[in-house]
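Examining the three-dimensional arrangement
Here is what each chain is made of, one letter per residue.
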Amino acid sequence: MPIPKIPLPMSDSMTDNLSDKWGRRIEYLRVSLTDRCNLRCVYCMPEEGVPYENLDNVLSFDEIERVVRVLATAGLRKVRLTGGEPLVRKNVPELAARLNATPGVREVTLTTNGILLPRYAADLRRAGVSRVNISMDTLKPERFAEIARRPEYARAHAGIASAIAHGFDPIKLNCVLMRGVNDDEINDFARLTVGQPLHVRFLEYMPIGMVTPPAWRARYVSNEEVLTRLTEEWGELEPIESDAASTSRTFRIAGALGTVGVINPISHRFCDGCNRLRLTANGRLVPCLSDNYEYDLMTPLRAGCTDADILHHVADALTHKPEQSDFEGRLGKGGSLRIMAQIGG
Ligand code: SAM
Ligand code: SF4
């Protein structure tokens with residue numbers, strides 16, 4: 001039986017390094033650049049979309065850069081740009097270059113649906129972005145149109161080709177599996193990794209947004225099932241070492257150039273090494289994806305708070321970071337108040 005951890009009391013010294021009350025150091029900020037998107041994936045957004053945030057209420061690049069600069073003085077090392085679809089916002093490579101030039105920041109990465117990558121890949125590489133995660137849930141064009149509710153398979157595919165052509169490394173393909181929708185493609189995705197240096201990661205479907213418990217349960221495919229199906233097809237998989245904060249377990253099919261991974265927020269919680277914090281497009285800090293709690297950083301930022309105040313606000317927000325995620329618990333209490341595109345996936 002796991003030994004329960006005792007929360008540490010918060011003290012001023014904790015604002016010097018970004019730690020939560022469970023002793024986890026926060027080194028990774030996922031910044032949502034926009035709640036807008038050019039797709040309407042069934043697991044993420046309602047068909048009609050959501051009312052977009054007024055642009056006046058969206059953090060400017062200067063504000064994002066400031067928050068990152070301040071947090072980098074306290075241990076932030078990695079920034080991921082996400083959304084909504086981050087590339088629908090103008091001048092993302094410019095922001096990426098600014099964040100990459102921030103002292104202390106070691107890496108700026110991107111999660112995208114790939115559609116606008118052919119347009120921006122070269123500029124992103126010049127801005128120092130070398131790793132990219134591209135969401136791709138099916139290798140069948142008609143099915144793509146059903147899942148993403150837009151007939152954009154060819155453009156998403158061109159986005160992956162463009163990432164390869166521009167030398168992003170690694171290129172991770174994120175695939176959210178849903179039973180009866182795309183779970184028959186597990187081994188087709190795995191096959192992509194055999195001859196190409198692509199890293200496919202199967203994400204467990206999370207009950208975020210407007211999903212009812214029965215609808216979510218009917219679609220949910222556990223990563224254990226995925227691993228069983230992969231092993232049946234490819235034989236024993238070679239486990240690949242990953243760091244403690246990694247949310248995925250990674251494997252290689254014998255002789256493959258790429259890897260397959262499983263990300264399991266539901267079946268295997270990865271909270272012990274959690275080193276991340278989210279910042280939404282409208283300036284809210286979200287300490288945990290499975291929790292509705294969010295902390296308004298926008299108001300103090302726009303009221304002229306000092307850099308030290310920013311650190312105190314973040315430390316305050318982190319006192320609300322739970323020890324463990326509890327997606328099912330929240331689902332039982334009415335579900336999430338926001339959809340994934342609003343939180344920043
Ligand atoms: N638009 C970009 C994209 O699709 O990659 C970035 C934002 S999207 C919200 C980030 C990631 O969250 C994507 O990989 C997407 O598949 C994943 N995602 C969204 N809703 C999800 C859900 N309910 N369960 C699991 N993953 C989800
Ligand atoms: Fe848009 Fe990404 Fe959500 Fe799909 S998963 S609707 S691409 S934000």
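Located above this text is the structure these notes cover.
The structure contained in this document is the topic of the report that follows. The model shown is predicted, which means the values in this text are computed figures rather than measured ones. (Residues numbered from 1 in each chain as written. Chains lettered and ligands numbered in written order. Predicted model: local features only at pLDDT ≥ 70, side-chain atom pairs only at ≥ 80, totals over all residues. Heavy atoms only, no water.)

**Observations regarding the nonpolar core**
Side chains of a nonpolar character, in soluble globular proteins, are inclined to be buried together. The biggest cluster of nonpolar side chains holds 103 residues, and the ones touching the most others in it are Leu18, Leu81, Leu117, Leu124, Phe202 and Leu230. At seven residues, helix α1 (residues 61-72) tops the list of elements feeding residues into this core. Ignoring any residue separated from it by four or fewer positions in sequence, one finds leucine 124 in contact with Leu87, Val92, Pro93, Leu110, Leu117, Val129 and Phe168. (Core = buried A, V, L, I, M, F, W, Y, C linked by side-chain atoms within 4.5 Å. Buried < 20%, exposed > 50% of the residue type's maximum accessible area, 1.4 Å probe, protein only. Helix = DSSP H or I, 4+ residues; strand = E, 2+ residues; numbered from the N terminus. Contact = heavy atoms within 4.5 Å.)

**Re the sheet that holds strand β2 (residues 78-82)**
Judged by pairing direction, the sheet is mixed, and its 12 strands sit side by side in the order β7-β8-β9-β6-β5-β4-β3-β2-β1-β10-β11-β12 without closing on themselves. Two strands bound the open sheet, and with one partner strand each, they are β7 (238-240) and β12 (295-296). Here four bridges tie strand β1 (residues 28-32) to strand β10 (residues 276-279), and the two strands are oriented parallel to one another. Opposite valine 31, over in β10, you have leucine 279 as the bridge partner. On the sheet, helix α2 (residues 92-100) packs against β2 and β3 (107-112) and is oriented at approximately 170° with respect to β2. (Pairing = 2+ DSSP bridges. Axes fitted to C-alpha atoms, helices over the stretch in contact; angles between N-to-C directions.)

**A few points about the site of ligand 1**
What surrounds ligand 1 is a group of 18 residues, the closest being Tyr43, Gly84, Glu85, Ser135 and Met206. In this structure, an oxygen atom belonging to ligand 1 sits 2.5 Å away from a side-chain N or O atom of serine 135. Bound to the protein, ligand 1 loses 96% of the 540 Å² it would expose on its own. Mapped by element, the contributors of at least two residues to the shell around ligand 1 are β3, β5 (171-177) and β6 (198-204). (Near = heavy atom within 4 Å. Polar contact = N/O pair within 3.5 Å; in protein donor to acceptor, adjacent residues only side chain to side chain. Areas by Shrake-Rupley, 256 points an atom, 1.4 Å probe, with all protein chains shown as cover.)

**So, the environment of tryptophan 22**
With respect to the helices, strands and loops of the structure, tryptophan 22 is situated in the segment before β1. The sequence separation of tryptophan 22 and isoleucine 164 amounts to 142 residues, and the corresponding C-alpha distance is 40 Å.

**Some thoughts on the site of ligand 2**
In the region of ligand 2, the neighbouring residues are Cys37, Leu39, Cys41, Tyr43, Cys44, Met45, Gly84, Asn113 and Ala341. Residues of the shell around ligand 2, tallied by class, amount to seven nonpolar, two polar and no charged. (Nonpolar A, V, L, I, M, F, W, Y, C, P; charged D, E, K, R; others polar.)

**Points about the pairing of strand β8 (residues 248-252)**
With three bridges joining them, β7 and β8 adopt antiparallel strand pairing. Across the sheet, residue proline 239 finds its bridge partner in β8, namely phenylalanine 251. Sheet analysis places β8 next to strand β9 (residues 259-263), joined by four bridges and oriented antiparallel. If you follow serine 248 over to β9, its bridge partner there is isoleucine 263.

**Observations regarding α2**
Of the residues making up α2, those classed as buried are Val92, Pro93, Leu95, Ala96 and Leu99. Looking straight down α2, one finds that the buried residues subtend no more than 160° of arc, so they occupy a single side. Against α1, β2, β3 and α3 (117-126) lie the buried residues of α2. (Arc of directions from axis to C-beta.)

**Topic: the side chain of asparagine 182**
Tracing the sequence through the fold places asparagine 182 in the loop between β5 and α6 (186-195). On the accessibility criterion, asparagine 182 (0% relative accessible area) is buried. A distance of 2.7 Å separates the side chain of asparagine 182 from the backbone nitrogen of methionine 178, its partner in a polar contact. Excluding residues that lie within four positions of it along the chain, asparagine 182 makes contacts with Asp137, Arg143, Ile147, Cys175, Val176 and Leu177.

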